[in-house]
Each structure stands twice: as C-alpha cells, then as structure tokens.
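Working through the structure, step by step
Single-letter residue listing:
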Amino acid sequence: MIRVEYVYDFVGLILFLSSLYTFRDRANPRRITTGLFYALYGLAFILADVLPPFVLGLMVLAIVLLAGFGGVRTGSYGEASAADREASRSRLGNRLFIPAVLIPLLTVAGVEGLGRIHVHSVPLLDPANVTLVALGIAAVIALVAAWSLTRSTPVASLREARRLIEAIGWAAVLPQMLAVLGTIFASAGVGTVVARVANSIIPHHSLFWAVFAYCVGMAVFTMVMGNAFAAFPVMTAGIAIPLIIGHFGVDADRVAAIGMFAGYCGTLLTPMAANFNIVPAALLGLRSQYAVIRAQWPTAVIILAVNILLMYAVAKW
Amino acid sequence: MVLIGVLVVIVGFALRVNPLLVVTVAGIVTGLLAHESVEAILSQFGTAFAKDRYMAVFVATLPVIGLLERHGLREQAQRLVSRVRAATTGRILNAYLFIREAAAALGLTSIGGPAQMVRPVVAPMAEGAAEAAYGELPESVRQHIRAHAAAVDNVGLFFGEDVFVAVGAVLLMKGVFDQFHIHSTPILMGLWALPTAVAVFIVHSIRLYLLDRRLRRWLSGRPAAASSSGEGVSS
C-alpha cells in the first residue's frame, strides 16, 4: 500500500535538502538560523511517525522560536534572468503547461482509478488519504515530465523549490500551528462557552433570531477557530438542534449546508485560516499578509446575509 | 477564563506580533488555564503537528512549479491571454471561478490551489490581460489583481464542495446529527447547498465585473498596448 506517510517523507526531504543550500547562502543575513528552521521543519515532517509526541512538540517549539524572533530571512536564489526565461519560453511555448496540468489531471485520475485498485485485497492507495497520496504521485510524475521537457537536473528543481519555499517563509508553518491551537481551544471548552453566550442572547420565541444567531455564530466561531469544521458541531448542538430543529421543527437537511456555508464566510474573513488566507498572500509576494482577506470580505459579508435570509425562508417554507 | 486564549490571539494579531508566537503563547496559556501540564501541552503540539501535516502537502508540487517558472511558465501564461482580445482581468478570474466551483461541486477539489494554479498560471494571466490593455502596471495594481486571484481560488473551492455528497463536510454534518439521533440524508443536504453555491457565483461575478471597471478607471488614459503593439508583454 502506498501510504500518505511516503508523501510526507517526500515533502520533508524537499524541505531538509533545500535547507542545506540555505546554510551556505551568504546573501542571507541569518543563514544559520534560517537553515536550522527549514532543516528542523523537514526533519519533523519525516520523523513525526517515530518520535514520541513530547519530543516532536519540543521540535515544533524550537521551529516557532526560530521564526518568532526573526531568525528566518531570505537570501539569493540565482534566479533566471528575464532574457533566459524568455529564451526558454519561446523554445518551449505551450508545452510548459503540460507538467503543470499533469498535477491536477493525474491527481483526479489517481483518485478515481488507483483509489479503487486492491492488490491481494490490500488497497493500493492509503484509503483514508486517497487524494493526498494521489497528489503526491502526480507531483512526482509531473516532476519527471518537467525534467525531460526542460532538460534540467533534480538539483535545479530543488533550487527552484527552495526559492518558492523561502518566499513563503515561516508562514508555511502557521496553518499547522493554528490547527494545534484549534485542538487546544476545543479541549479547553471554548466552543461551549461561545454557544452558551449566543444562546443566552437570542429571544427563544423568534425563528428569525434563532437563524440569525446560528449563522452569525457559525461565522464568528469559525473566525476564532480558523476552521468551520470545528465550529459546526458546537454551534449546531448549541443552537440549531435545540431551537431551529427541536423547537421550530425545521428539517435538519435544510439547515445543515447553509449553516456550514455561514461558517465558510467566516473562513474567508480570518487570518486564523492561514492556509487559505496567509500562505497564498506570501506565495504571491503580497506586501500585506491581509491582502487576500481584504479582497474577500465583501463577498463573505454579502453571502452571510444571503445565508441568513435563505435559511429563514427555507425554514418557513 | 478559557476565553483568555482567544483574547491573546486577537490582541497579538492586532499588535502585529509574529503570528507564530501569538498562536503558540495562546495555546500554552489556554492549556495551563485548563490545568494541563507543560508536558501534556507540548505533547498535544506534537500530536497535532503530525496529524495536520496534510496542510503542507502542496510543498510536493513546488519543485515542478519552480522549475517551470524558471523556464518561463508565467511569461507564457501572460502571452497566451494577451493574444485574446476579449480577455480582461475580471473575465479570466470569472472563468477560473466557474471552473474551480464546478470542479469542487463534482468532488474534484484538487483542481486548482494557490501553489499549483494561482501563482504560476491564473495570476499571470489576470495580470497579463490588464497589461495587454493598459501597458506596464503599477506595483499596487499588480498586488490588487493577485489578491483577487487568490480570493477566487478560495471562494470557488469553499462554496462548491458542499454540493458534492461524499466530501468531508457533508459526512461531518451527518455525523453530528447522528449523534443526536436526528435523521439526515446526504443527498438532500447537498441539494440545499445549491442555492448558496449559485448566489456566491453571482455575487462574486458582479464583484469581478466591478474589478474590471475599477482597473479601467485607475489605468485608462495611460498608454495602451495598442500604441506599442506587440510589445505589451514584458516581465
């Protein structure tokens, strides 16, 4: 079976090997701490399955401290000049899109095709993580295609990967740390407090205000947790099930998706959803890390209002 | 008391302290207030880090994307759209919104993504269309277009995926209702996701139309590509 851990090992290897260049990057004023950051991050990826959680937690703490006190900087990456890029672009033309398009196509093909194959009744791909495994395989095949198309070496692609990784910088670790925080918030009972507060504010005789509290509560709690999946069980158990479904007798199928969507409006608004909002800003070289949220907020607010009215209409109907 | 961790996050983000530090301190504070030992908190850090490695799997695609960028992928994407006269920034992003949302609604959430599609292809195309019409773009306009390209990727993904029955979100919703012995049907839950999915497409398409109008207001009166024909594409 091709396990998802192999994909994590591949990611860890890319991070670790690229850190070897960083240690020698004299253009980086903090090359040692920057190198340590990526080396530890890569090692944590690879060793996460064998190290005890406490030791891994210490590594994570070291990674955070290196980045948190300004130890992660950028250096020089020997980028191709505009003339070089233009020369190979005019030579390769639209064939440049082939490896890029191979990634999504092979991922889909892998999920639909390889995901169903069993060898000696063992599934070929890790059944719990079919998409991730398929994405990993697709990335490797696309890499081989890119090597042969551009006649480049693996070393060249590693250098280019380092350029992109360091463009993202410490923001790459943020989504995982926020997920950690979400887990700790959940186990400390932050959600039940939020649901209790929301429940005590709304007038119990009004369907509209129950719907309003559920949708806004989903959005706000998602902003706190950075994840609508964490907000849904809490707000649904706290508001939707006792009031909208229980008291007013609305069909659960009708409110579920709209409630979840109200949460997604919160996802569009919060830096806590770093993998959607902060990492892309870094990846696109945006000066403000909040630039993506700024582009999203009008849609998020309008759709939240639409969701409230829609759920109310659907509940009344 | 448990809300102090939330307060730490809000104050930390507002004061622009490094978010990694803010998040870590908030986690430790919340854990300590819940009477957990330091060792237990750090173990939670380790366990959650290992579990949530999937969030960084896009790094596996960076060697390919980086290599293609070095050989002119972004320039080729710009060039491709500059030849299509009907292509504007807003229309390109609108087309991508449709592809992203429709694909997600069919369960194909891996089509797209900031590292695989937005940075190497969609953002250069959106910038290239504006460049073909208005000439060299000021950096602030470039940033604005790129932010919108990333936003389209998120909006399309989020509001498309709940329509598809077998996706994690729908299964999670069913799981929650099952706990309370409430009957729910995944097909119907996906069906009631459709109105919002359509509304999102309409609202965001209008905003992309307004983006085109904004770009015209900001940039028209500047030398257009027509006057320097054929040389509009430069990096």
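**Notes on the overall build of chain A**
Secondary structure summary: chain A contains 14 helices and two strands in total. Summarising its shape, the C-alpha atoms of chain A cover approximately 70 × 45 × 45 Å along the three principal directions. Sequence separation of at least 24 residues holds for 72% of the intrachain contacts in chain A that already meet a minimum separation of 6. The distance from the centre of the 20 positive side-chain charges to the centre of the 13 negative ones in chain A is 9 Å.

**Looking at the domain arrangement of chain B**
Split by domain assignment, chain B resolves into domain 1 (4-44) and domain 2 (60-222). If you average the C-alpha positions of domain 1 of chain B and of domain 2 of chain B, the two centres end up 33 Å apart.

**Examining the packing of aromatic side chains**
All names here are of chain A. In this structure the tally under the stated criterion is 17 aromatic pairs over all chains. Ring centres of phenylalanine 208 and phenylalanine 212 lie 6.2 Å apart, and the angle between their planes is 35°; this geometry places the pair in the tilted category. With a gap of four residues between them, phenylalanine 208 and phenylalanine 212 both fall in helix α10 (residues 207-225), about one helical turn apart.

**Considerations on empty space enclosed by the protein**
By the definition in use, this model includes one cavity of 30 Å³ or more. In this structure, the largest cavity occupies an estimated 30 Å³ of space. Considering the residues around the largest cavity, the lining is formed by A:Leu15, A:Ile165, A:Ile168, A:Ala172, B:Phe58, B:Val59 and B:Leu62. Of the residues assigned to the lining of the largest cavity, the class counts are seven nonpolar, no polar and no charged.

**Focus on the pattern of salt bridges**
Using the criterion set out here, one finds 18 salt bridges over all chains in the structure. A:Arg116 is paired through a salt bridge with A:Glu112; the nearest N and O atoms lie 3.2 Å apart. Relative accessible area serves as the criterion here: at 60%, A:Arg116 is assigned to the exposed category. The residue B:Asp153 makes a salt bridge to B:Arg100 at a minimum N-O spacing of 3.0 Å.

**Re the interface of chain A and chain B**
With 125 residues of chain A at the interface, the matching set in chain B holds 105 residues. Both faces combined, the contact of chain A with chain B buries some 10,500 Å², and carbon together with sulfur accounts for 77% of it. Interface area lost by chain A to chain B is led by A:Asp253, A:Phe261 and A:Leu284, which between them contribute 7%. Put simply, chain A and chain B have four salt bridges between them. Measuring nitrogen to oxygen at the nearest pair gives 2.7 Å for the salt bridge that ties B:Arg70 to A:Glu160. One can count 27 residue pairs in polar contact (both at pLDDT 80 or more) joining chain A with chain B.

**A word on a positive patch on the surface**
Residues and elements named next belong to chain B. A contiguous patch of positive charge on the surface is contributed by Arg91, Arg213, Arg216 and Arg217. Considering every element that reaches the positive patch, the biggest residue donor is helix α11 (residues 194-219), with three residues. Mapped onto the fold, arginine 213 is located in helix α11.

**Let's talk about the domain arrangement of chain A**
Examined at the domain level, chain A breaks down into domain 1 (82-151) and domain 2 (174-316). Each of domain 1 of chain A and domain 2 of chain A has a C-alpha centre, and the two are 35 Å apart.

**Observations concerning the packing of helix α12 (residues 252-267) of chain A against helix α14 (residues 291-316) of chain A**
All names here are of chain A. Packing of α12 against α14 brings their axes to within 9 Å, and their N-to-C directions diverge by 165°. Relative to α14, the element α12 lies roughly antiparallel. Classified by chirality, the crossing of α14 by α12 is left-handed. Contact residues: Arg254, Val255, Ile258, Gly259, Phe261, Ala262 and Cys265 in α12; Ala300, Ile303, Leu304, Asn307, Leu310, Met311 and Val314 in α14. Residue classes in the contact of α12 with α14 are distributed as 11 nonpolar, two polar and one charged.

Conventions we followed
Residues numbered from 1 in each chain as written. Chains lettered and ligands numbered in written order. Predicted model: local features only at pLDDT ≥ 70, side-chain atom pairs only at ≥ 80, totals over all residues. Heavy atoms only, no water. Helix = DSSP H or I, 4+ residues; strand = E, 2+ residues; numbered from the N terminus. Contact = heavy atoms within 4.5 Å. Lys, Arg positive; Asp, Glu negative; His and termini not counted. Charge placed at Lys NZ, Arg CZ, Asp CG, Glu CD. Domains from an automatic or database assignment. Phe/Tyr/Trp six-rings, centres within 6.5 Å; stacked < 30°, edge-to-face > 60°. 1 Å grid on protein atoms, 1.4 Å probe; cavity = no way out; pocket = protein on both sides within 12 Å on 5 of 7 lines; lining within 4 Å. Points joined across faces, edges and corners; volume = space filled by probe spheres on them. Nonpolar A, V, L, I, M, F, W, Y, C, P; charged D, E, K, R; others polar. Salt bridge = Lys/Arg side-chain N within 4 Å of Asp/Glu carboxyl O. Buried < 20%, exposed > 50% of the residue type's maximum accessible area, 1.4 Å probe, protein only. Buried area = accessible area lost by both parts, 1.4 Å probe. Polar contact = N/O pair within 3.5 Å; in protein donor to acceptor, adjacent residues only side chain to side chain. Patch = residues over 30% accessible without salt bridge, like charges linked within 9 Å, V, L, I, M, F, W, Y side chains within 5 Å. Areas by Shrake-Rupley, 256 points an atom, 1.4 Å probe, with all protein chains shown as cover. Axes fitted to C-alpha atoms, helices over the stretch in contact; angles between N-to-C directions. Parallel < 35°, antiparallel > 145°, perpendicular 65-115°, else oblique. Left-handed = near helix turned anticlockwise from the far one by under 90°.

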